[in-house]
Amino acid sequence: MKRFADALSRAAAQPVRSRAVDTLCPYCGVGCAVTYVADTERNRILYARGRDGAANAGRLCVKGRYGFDYADHAQRLTHPLIRRESAYPKGQLSPLEKRPEKPGGPVDYDDLLPHFREASWDEALDLVAGRFKAIRDRDGGQALAGLGSAKGSNEEAYLFQKLVRAVFGSNNVDHCTRLCHASSVAALVEGIGSGAVTNIVRDIARADVAFLTGCNPTANHPVAATFMKEAAQAGTRLIVVNSRRPIIAEHAALYLPIRPGTDVALHNALLHVLIRDDLVDHAFIRERTEGFEQLAETVKAYPPERAARLCDVPAQDIERAARMIGDAHAVLFFWGMGISQHTHGTDNARGLISLAMITGNVGRPGTGLHPLRGQNNVQGASDAGLIPMFYPDYQPVDDEDVRRRFEQAWGVQLSPQPGLTVTEMIKAARSGKVRGMYILGENPFVSDPDVNKVREGLTNLEFLAVQDIFLTETAEFADVILPASSFMEKTGSYTNTDRRVQLGSPVLDLPGEARQDWELICEIGRRMGFAMEYGSVAQVFDEFAAATRAYATLSHTALGARGRWYPCADPEHSEGDPIVFQDSFPSGKARLVPARFQPAEEQPDADYPFVLSTGRVLEHWHTGTMTRRSRALDAISPEGFMEVHPGDARSLGLRDGDVATVRSRRGEVRIRARITDAVLPGTVFIPMHFREACANLLTDPRIDPDGKIPGFKFCAVSVQAERCDVGVVSAPHR
Ligand SMILES: Nc1nc2c(c(=O)[nH]1)N[C@H]1C(S)=C(S)[C@@H](COP(=O)(O)OP(=O)(O)OC[C@H]3O[C@@H](n4cnc5c(=O)[nH]c(N)nc54)[C@H](O)[C@@H]3O)O[C@H]1N2
Ligand SMILES: Nc1nc2c(c(=O)[nH]1)N[C@H]1C(S)=C(S)[C@@H](COP(=O)(O)OP(=O)(O)OC[C@H]3O[C@@H](n4cnc5c(=O)[nH]c(N)nc54)[C@H](O)[C@@H]3O)O[C@H]1N2
Ligand code: SF4
Ligand SMILES: [Mo]
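Criteria and thresholds
- All residue numbers refer to positions counted from 1 along the written sequence of the respective chain.
- Chain A is the first chain written and ligand 1 is the first ligand written, with later ones labelled in order.
- Residue-level local features of this predicted model are given only where pLDDT is at least 70; pairs of side-chain atoms are given and counted only at 80 or more, and the full residue set underlies all totals for whole chains, interfaces and linings.
- Water and hydrogen atoms play no part in the side-chain values, which are based on all heavy atoms of the structure.
- Where each domain starts and ends comes from a domain assignment, either automatic or drawn from a database.
- Whether two residues touch is decided by their heavy atoms; if any such pair falls within 4.5 Å, the residues are in contact.
- By buried area we mean how much accessible surface two parts lose on assembly, using a 1.4 Å probe and totalling the loss over both.
- Any residue with a heavy atom positioned within 4 Å of a molecule or strand is treated as near that molecule or strand.
- Here a helix means four or more residues in a row that DSSP labels H or I, a strand means two or more in a row labelled E, and each is numbered from the N terminus.
- Note on residue categories: nonpolar means Ala, Val, Leu, Ile, Met, Phe, Trp, Tyr, Cys or Pro, charged means Asp, Glu, Lys or Arg, and polar means any other residue, Gly included.
- Between Lys or Arg on one side and Asp or Glu on the other, a salt bridge is scored when a side-chain nitrogen of the former is within 4 Å of a carboxyl oxygen of the latter.
- Per-residue accessibility, obtained with a 1.4 Å probe over protein chains only, is compared with the maximum for each type, and a residue is labelled buried under 20%, exposed over 50%, and partly exposed between these values.
- Counted as a polar contact is a pair of N or O atoms within 3.5 Å, where, for protein atoms, one must be capable of donating a hydrogen and the other of accepting one, and residues adjacent in sequence contribute only when both atoms are in side chains.
- With residues, only the protein chains shown are counted as cover, and all accessible areas are computed by Shrake-Rupley using a 1.4 Å probe.
- At least two bridges found by DSSP between two strands is the condition for calling them paired.
- The definition of a nonpolar core used throughout is a set of buried Ala, Val, Leu, Ile, Met, Phe, Trp, Tyr and Cys residues joined through side-chain atoms within 4.5 Å.
- A fitted line through C-alpha atoms serves as each axis, taken over the contacting stretch for helices, and the angle formed by two N-to-C directions is quoted from 0 to 180°.
- Any angle from 65 to 115 degrees is called roughly perpendicular, while one under 35 is roughly parallel, one over 145 is roughly antiparallel, and all others are oblique.
- Here is the rule for handedness: rotate from the far helix to the near one, and if that takes an anticlockwise turn smaller than a right angle the crossing is left-handed, while a clockwise turn gives right-handed.
- The arc in question is the one traced by the directions running from the helix axis out to the C-beta atoms.
- As a per-residue measure, pLDDT tells how confident the predictor is, with possible values from 0 to 100.
- Note on aromatic pairs: the rings of Phe, Tyr and Trp (six-membered ring only in Trp) are paired at centre separations within 6.5 Å, and the planes decide the class, stacked below 30 degrees, edge-to-face beyond 60, tilted for the rest.

### Things to note about the domain arrangement of the chain
Here is step 1: Assigned domains within the chain: domain 1 (17-72), domain 2 (81-179 + 392-528), domain 3 (198-372) and domain 4 (610-721).
Here is step 2: Once you take the C-alpha centre of each, domain 1 and domain 4 turn out to be 30 Å apart.
Here is step 3: Listed per partner, the contact involves eight residues of domain 1 and 11 residues of domain 4.
Here is step 4: Where domain 1 abuts domain 4, roughly 920 Å² becomes buried across the two surfaces, and 71% of that area is made up of carbon and sulfur atoms.

As structure tokens, then:
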């Protein structure tokens, strides 16, 4: 307390030179507008203030308010690094297993650093370009692959996919959307010809009913959750469907605790009741959809009683939910990873699309489809073509006219063959088909499923370049590490979950010799013999916008201080469209695609009797590189845990705080148990953030056939209690 008082009086005595910068929060897809106030002498942020942005109206969650100090952390990468000849063999010193009990920081940074030496930019960039070029010239473009980042800007995403396509010579470019909403996007593109949300989050204020499934907004879209709670207080009735009780369920008119992986059966039963009781919008079905008869035929086989048995939800609650949807004037559908991250994720999303369509709940205020987007720029990175089958604007790479257009614009020949997805790249690295990779702003050694297989893939590469702001678990495998700009040091545009394109501005100076991400991408292109010359980030935006209809009217100047929703016909006089598809869909009519229920492939059995689900906590971001280096966030949530139901805990002999070993067919972790009835009997939950208890040592890499997304929300595990003598009190969570 005294130290704090001293610090305060020192601060009062020496006014710092400060600067206030209007920008955005670097974390989630809500896209809150923030003013950061920075000490310009020490090059660090002092505090954050919520700005009156379209998505947040001045509000911030704990990450926006306190999670900024990762940017000036002592472990920021400040020099290009080259792996020493004498370094340990790749994958041998894996920090995931090296000290499984050490809670500590995200990586054993101090152990890893000596295996790399500092290099000049010229040496590092020439090495990267030279090795990529050698692989391309010897084995062809298919032997190279790139993972771009949804934490980066639209401009960076555009340049990255251009580099892979035009210079590497393949479409092997993807990013974390594959692990995220790929299945939702597959269903939406198939159904209505567009993957973006139809209505913004705050439109919930105008909904009679909001259907919230497979999402945990108070933890993962916290400021959006405040608007949801307000709407609930003002009369919007929430139907919450989840297999681990989320806090938002406290505000629900109806909570359906569903057995994991059975949503197709629930959606089909809801469709069944709506059609059976004639609660559908006949005019909408006739004028704006196709495929209704086939859908009606399929869902006949799903009366609520059958779904009740499959989903463990009472049949009368399914009837009630259907009636709430059918009787409402306006229903808005929100969904998250509990829907998309299944091997039948696309079928899950198809059901939600059908529910909205047959009840005419699209194209009006308070209605629509809103897959809650995760990363601050996952919408934009997808729009910009960081996807193996699409150029910018979801234009298919195997369409000849489209390809010709891009060949003309970029002045090179392009590959007509769709590229590899995230999980396919790792597989191809293991089999030796992919020899070189460029990973910018992703950490697949912690975030991909079955990381033991990721280890094999990354180890097997001939050459890996990692561009990040920290020495991550993935960088352990790198031959060259390029120190890049954090969000706090760059200019760029970001597209939030509402399709709002907003500008971020630099608050801090780059640390050490770190350089801008976008310049590094261009440098590599240039050194591989392809001119990527831009005078500014704004100029990159203009090239991206010219290729992407939704952005065609926009520019950095047009975005201004508040940004715009796309599409925006007249940015000078309008903020853009908060509601789209009022009269028609990009595909013309909506296609209703029926789905049959199929159980997840890896069901619990005698050896692995529990279902493991993985996800997030409020304070941490994915692989923890940023939030575990933020003092406040790390202090609130310092270590991993496994939630287990009280009944299961009793039969396992587990007390709150005991350590348990959790095993799947792919790996094992040791982790403390938290006993809570938020999880269902027979299921356990582990957050993905803590590499020393890495959930993805356990997860199943099998993928959905359409979205190619892995089923992070379902695999079979065993749990074994291990007595622990250290007294531990569970912290409040979720
Ligand atoms: N604090 C924090 N916020 C984040 C992130 C973060 O790492 N930390 N990441 C961001 C990103 S990229 C994303 S994609 C979003 C994700 O945000 P969410 O979509 O909310 O993600 P999750 O926490 O993974 O979990 C989704 C919910 O699905 C439920 N669920 C699991 N299985 C099933 C099922 O079979 N059926 C149903 N109906 N529900 C199920 C889980 O219990 C959980 O409540 O969050 C973003 N925001
Ligand atoms: N078990 C399990 N696994 C999951 C999920 C789950 O629910 N369960 N969810 C999946 C989902 S939805 C997602 S989106 C993925 C996320 O997976 P990742 O994208 O791999 O996770 P992040 O930790 O967000 O990685 C971002 C990386 O970018 C770096 N970085 C941050 N800002 C910048 C920048 O400006 N420039 C550069 N060059 N680097 C930067 C960070 O240090 C970090 O290394 O994880 C997936 N994995
Ligand atoms: S809700 Fe998302 S964007 Fe807003 S402050 Fe929190 S993490 Fe940042
Ligand atoms: Mo995500």
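### Side note on the site of ligand 3
Here is step 1: Surrounding ligand 3, one finds Cys 25, Tyr 27, Cys 28, Val 30, Gly 31, Cys 32, Leu 60, Cys 61, Lys 63, Gly 64, Pro 222 and Val 223.
Here is step 2: Of all the secondary structure elements, the ones that give two or more residues to the shell around ligand 3 are α2 (62-66) and α9 (222-233).
Here is step 3: A class-by-class count of the residues in the shell around ligand 3 yields nine nonpolar, two polar and one charged.

### Examining the pattern of salt bridges
Here is step 1: Scanning all chains against the criterion turns up 55 salt bridges.
Here is step 2: Across the salt bridge formed by Lys 490 and Asp 517, the nearest N and O atoms sit 2.7 Å from each other. A residue pair is termed long-range when its members are at least 10 positions apart, and Lys 490 in the loop between β18 (480-483) and β19 (492-495) and Asp 517 in helix α22 (residues 517-527) qualify at 27 residues.
Here is step 3: Relative accessible area serves as the criterion here: at 4%, Asp 517 is assigned to the buried category.
Here is step 4: For Arg 702, the salt bridge is made with Glu 602, and the minimal N-O distance between the two is 4.0 Å. You can see Arg 702 sitting in the loop between β27 (683-687) and β28 (715-722) and its partner Glu 602 sitting in the loop between β22 (590-591) and β23 (610-615), a full 100 residues away along the chain.
Here is step 5: Classification of Glu 602 as buried rests on a relative accessible area of 6%.

### Quick word on the site of ligand 2
Here is step 1: Taken together, the neighbourhood of ligand 2 is formed by 34 residues, with Ser 447, Asp 468, Lys 490, Thr 623 and Asn 696 sitting nearest.
Here is step 2: At 3.1 Å, a side-chain N or O of Gln 341 approaches a nitrogen atom of ligand 2.
Here is step 3: Side-chain polar atom of Trp 621 to an oxygen atom of ligand 2: 3.4 Å apart, as the coordinates give it.
Here is step 4: A total of 930 Å² of accessible area belongs to ligand 2 in isolation, and the protein chains cover 99% of it.
Here is step 5: Residue-level mapping places the shell around ligand 2 at the junction of two domains, with at least three residues from each of domain 2 (81-179 + 392-528) and domain 4 (610-721).

### Overview of the sheet that holds strand β7 (residues 173-174)
Here is step 1: Sheet architecture is open: seven strands sit in the order β5-β4-β18-β17-β16-β6-β7, paired in mixed fashion. Only two strands of the sheet have a single neighbouring strand rather than two, namely β5 (116-118) and β7.

### Quick look at the nonpolar core
Here is step 1: Core analysis: the biggest nonpolar cluster contains 64 residues, and Phe 132, Leu 159, Tyr 438, Ile 524 and Tyr 551 have the highest contact counts within it.
Here is step 2: Counting residues per element, this core draws most heavily on helix α6 (residues 154-168), at nine residues.
Here is step 3: With residues near it in sequence (within four places) discarded, Ile 524 still touches Leu 125, Val 128, Ala 129, Phe 132, Leu 163, Tyr 438 and Leu 482.

### Here's the deal with the packing of helix α10 (residues 263-276) against helix α13 (residues 304-311)
Here is step 1: As a packed pair, α10 and α13 sit with axes 9 Å apart at the nearest point and diverge in direction by 165 degrees. Judged by the angle between their axes, α10 and α13 are roughly antiparallel. Here α10 and α13 pass one another in a crossing that is left-handed. Together, Ala 265, Leu 266, Ala 269, His 272, Val 273 and Arg 276 of α10 and Pro 304, Ala 307, Leu 310 and Cys 311 of α13 make up the contact between the two elements.
Here is step 2: Split by residue class, the contact of α10 with α13 holds eight nonpolar, one polar and one charged.

### Details of the environment of Glu 601
Here is step 1: Within the secondary structure layout, Glu 601 lies in the loop between β22 and β23.
Here is step 2: Owing to a relative accessible area of 53%, Glu 601 belongs among the exposed residues under this scheme.
Here is step 3: In this structure, the C-alpha to C-alpha distance between Glu 601 and Asp 700, residues 99 residues apart in sequence, is 9.7 Å.
Here is step 4: In terms of polar contacts, Glu 601 uses its side chain to reach the side chain of Arg 702, at 3.4 Å.

### Some thoughts on helix α12 (residues 292-299)
Here is step 1: Listed as buried for α12 are Phe 292, Leu 295, Ala 296, Thr 298 and Val 299. All buried residues of α12 project into a common sector of 160 degrees when viewed along the axis, lining one side.
Here is step 2: Next to the buried residues of α12 lie α10, α11 (282-288), β11 (289-290) and α16 (345-358).

### Some remarks on the pairing of strand β12 (residues 331-335)
Here is step 1: With five of its five residues buried, β12 lies for the most part within the structure.
Here is step 2: Going residue by residue along β12, you find Val 331, Phe 333 and Trp 335 tucked away on one face and Leu 332 and Phe 334 tucked away on the opposite face as well.

### A short note on the pairing of strand β26 (residues 668-675)
Here is step 1: Relative to β26, strand β24 (residues 642-644) is paired through three bridges, and the arrangement is parallel. Bridge pairing links Val 644 to Ile 675 in β26.
Here is step 2: Across five bridges, strand β25 (residues 659-663) lies against β26 in antiparallel orientation. Across the sheet, Thr 661 pairs through a bridge with Arg 670, a residue of β26.
Here is step 3: Where β25 hands over to β26, the hairpin turn is made up of four residues, counted between the paired strands.

### Looking at the sheet that holds strand β21 (residues 564-565)
Here is step 1: Reading across from one edge, β19-β20-β21 is the order of the three strands in this open sheet, with antiparallel pairing throughout. On the outer flanks of this sheet lie β19 and β21, each paired with one strand and no other.
Here is step 2: Looking at chain direction, strand β20 (residues 500-504) and β21 are connected through two bridges and run antiparallel. Paired with Arg 500 across the bridge in β21 is Trp 565.

### A closer look at the confidence of the model for the chain
Here is step 1: Of the residues in the chain, 94% reach a pLDDT of 70 or more, and the chain-wide mean stands at 94.
Here is step 2: Here residues 100-104 is a poorly scored stretch, pLDDT under 50, and it has seven contacts once near neighbours within four places are set aside; other chains count.
Here is step 3: In the predicted structure, residues 726-734 sits below a pLDDT of 50 and forms 16 contacts with residues beyond four places in sequence or in another chain.

### Structural notes on the packing of aromatic side chains
Here is step 1: Using the criterion set out here, one finds 21 aromatic pairs in the structure.
Here is step 2: On the numbers, 6.2 Å between centres and 80 degrees between planes, the contact of Tyr 391 with Trp 410 is edge-to-face. Of this pair, Tyr 391 sits in strand β14 (residues 390-391) while Trp 410 sits in helix α18 (residues 400-410), and the two are 19 residues apart along the sequence.
Here is step 3: The class for Trp 410 is buried, based on a relative accessible area of 7%.
Here is step 4: On the numbers, 4.9 Å between centres and 80 degrees between planes, the contact of Phe 445 with Phe 477 is edge-to-face. Here Phe 477 lies in the loop between β17 (463-468) and β18 and Phe 445 lies in helix α20 (residues 444-447), a separation of 32 residues in the sequence.
Here is step 5: A relative accessible area of 0% means that Phe 477 is categorised as buried.
Here is step 6: Counting every residue linked through ring pairs, the aromatic cluster contains Tyr 158, Tyr 391, Phe 406, Trp 410, Phe 541, Phe 544, Tyr 551 and Tyr 566.

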